[in-house]
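# Report on the structure
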Amino acid sequence: MATLSYARYGKDNVRLYKVQRNDDGTQDVTEMTVCTLLEGDIAESWTKSDNANIVATDTQKQTVYIMAKLHPVTPPELFASILGDHFLSTYSHIHVAHVTVTVHKWTRMEVDGKPHPHSFMRDGVETRVVEAVARRNKGIAIRSGIKGLLVLKSTGSQFWGFHRDEFTRLPETRDRILSTEVEAGWNWRNFSGLDEVKKDLSAFNQAWSDARKITLETFATENSPSVQNTMYLMSEKILAAVPRVESVEYSLPNKHYFEIDLSWYKGLKNTGADAEVYAPQSDPNGLIQCTVTRKGASPKL
Ligand SMILES: O=c1[nH]c(=O)c2[nH]c(=O)[nH]c2[nH]1
């Protein structure tokens, strides 16, 4: 009659902070939010009120803390993989572990022109987000990404040549404001397991900084014909920079800034080439998305 066709469960919004005290007296800090979701032989909890196979979500939370104490929490790709691997190796009835780690910004302060040993500031809401999916006998799939990186350019963006019909009001423009909140992700070729993840840990931070730099530099320097083309260029460049990455995804809202006609006040000119005062729009916004996949890449698990 009815069948349970989807079930996973875990703990979301596990907040965690870890400090590393270095020999030279400086300290490094990491703050993250973790989500763990498990799949496996768990259906009977839903269908028969039998919780015997349920690793309580509280247990999952405690595990996150213990693993953070016992292991490094950076790079986040490693920590997410350690957690995923732990759930599979500890519980034979769990077949898939999804772990998402969101790293929050703590940027070291500069005081008197010098990096401060133990003081940090939150200079933006941008986060680094990693999702690791550990599947029994199928290795670990990792997606790394950036979220919440808010950017704006005041010129160097166009949008023209688009389809026009009786529903079209938007004028063509060869000079507009372009603003978006970057959500970017890059999918690594599947890892056979935790050992393979550990083989080249520096690749994860390097890819993050390459992807971030490519995103910012392409946004700034291209005379953009559309959000679509700009995100495609960024994706191509990330694929070229990081050989192990098989596909790149972008999701970019187009945050509109509308011109305001002020001619009603003493004939003030504030449109077209005279536009200086604009009305930023909170909604609606365009939303442009793409996945760009390396030729010959293995299909995503
Ligand atoms: O870069 C853009 N892409 C669109 O698809 C679009 N549609 C729109 O109204 N403005 C824009 N801008």
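Residues numbered from 1 in each chain as written. Predicted model: local features only at pLDDT ≥ 70, side-chain atom pairs only at ≥ 80, totals over all residues. Heavy atoms only, no water.

Below, the discussion takes up the site of the ligand. Within the structure, the ligand sits among Phe159, Leu170, Arg176, Ser226, Val227, Gln228, Asn254 and Ile288. Take Arg176: an N or O atom from its side chain is 2.8 Å from an oxygen atom of the ligand. Side-chain polar atom of Gln228 to a nitrogen atom of the ligand: 2.9 Å apart, as the coordinates give it. For the ligand, the accessible surface in isolation is 290 Å², of which the surrounding protein chains cover 72%. (Near = heavy atom within 4 Å. Polar contact = N/O pair within 3.5 Å; in protein donor to acceptor, adjacent residues only side chain to side chain. Areas by Shrake-Rupley, 256 points an atom, 1.4 Å probe, with all protein chains shown as cover.)

Okay, the UniProt feature "binding site: 5-hydroxyisourate" (unreviewed entry) in the protein chain next. The UniProt feature table records "binding site: 5-hydroxyisourate" (unreviewed entry) at Thr57, Phe159, Arg176, Val227 and Asn254. Spanning 198 residues, the annotated positions stay apart in the fold, the maximum distance between their C-alpha atoms being 48.8 Å. Among residues more than four places away in sequence, those in contact with Phe159 are Leu170, Glu172, Thr173, Arg176, Pro225 and Ser226. When its relative accessible area of 16% is taken as the criterion, Arg176 is described as buried. Those residues within four positions of Arg176 in sequence are excluded, and the remaining contacts are Lys153, Ser154, Thr155, Ser157, Gln158, Phe159, Ser226, Val227 and Asn254. (UniProt positions renumbered as here; feature names shortened; annotations may be inferred. Contact = heavy atoms within 4.5 Å. Buried < 20%, exposed > 50% of the residue type's maximum accessible area, 1.4 Å probe, protein only.)

Across the interface, helix α5 (residues 202–221) lies against helix α6 (residues 227–241) with an axial gap of 9 Å and an inter-helix angle of 145°. With respect to the hand of their crossing, α5 and α6 are arranged in right-handed fashion. When α5 is examined against α6, the residues Asp210, Ala211, Ile214, Thr215, Thr218 and Phe219 are found in contact with a partner set consisting of Thr230, Leu233, Met234, Lys237, Ile238 and Ala241. Among the residues forming the contact of α5 with α6, the class breakdown is seven nonpolar, three polar and two charged. (Axes fitted to C-alpha atoms, helices over the stretch in contact; angles between N-to-C directions. Helix = DSSP H or I, 4+ residues; strand = E, 2+ residues; numbered from the N terminus. Left-handed = near helix turned anticlockwise from the far one by under 90°. Nonpolar A, V, L, I, M, F, W, Y, C, P; charged D, E, K, R; others polar.)

With respect to the element layout, Val96 can be found in strand β3 (residues 94–104). Linking Val96 and Arg212, residues 116 residues apart in sequence, is a C-alpha distance of 30 Å. Setting aside chain neighbours within four positions, we find Val96 in contact with Leu37, Leu38, Glu39, Leu88, Val133, Ala134 and Arg135.

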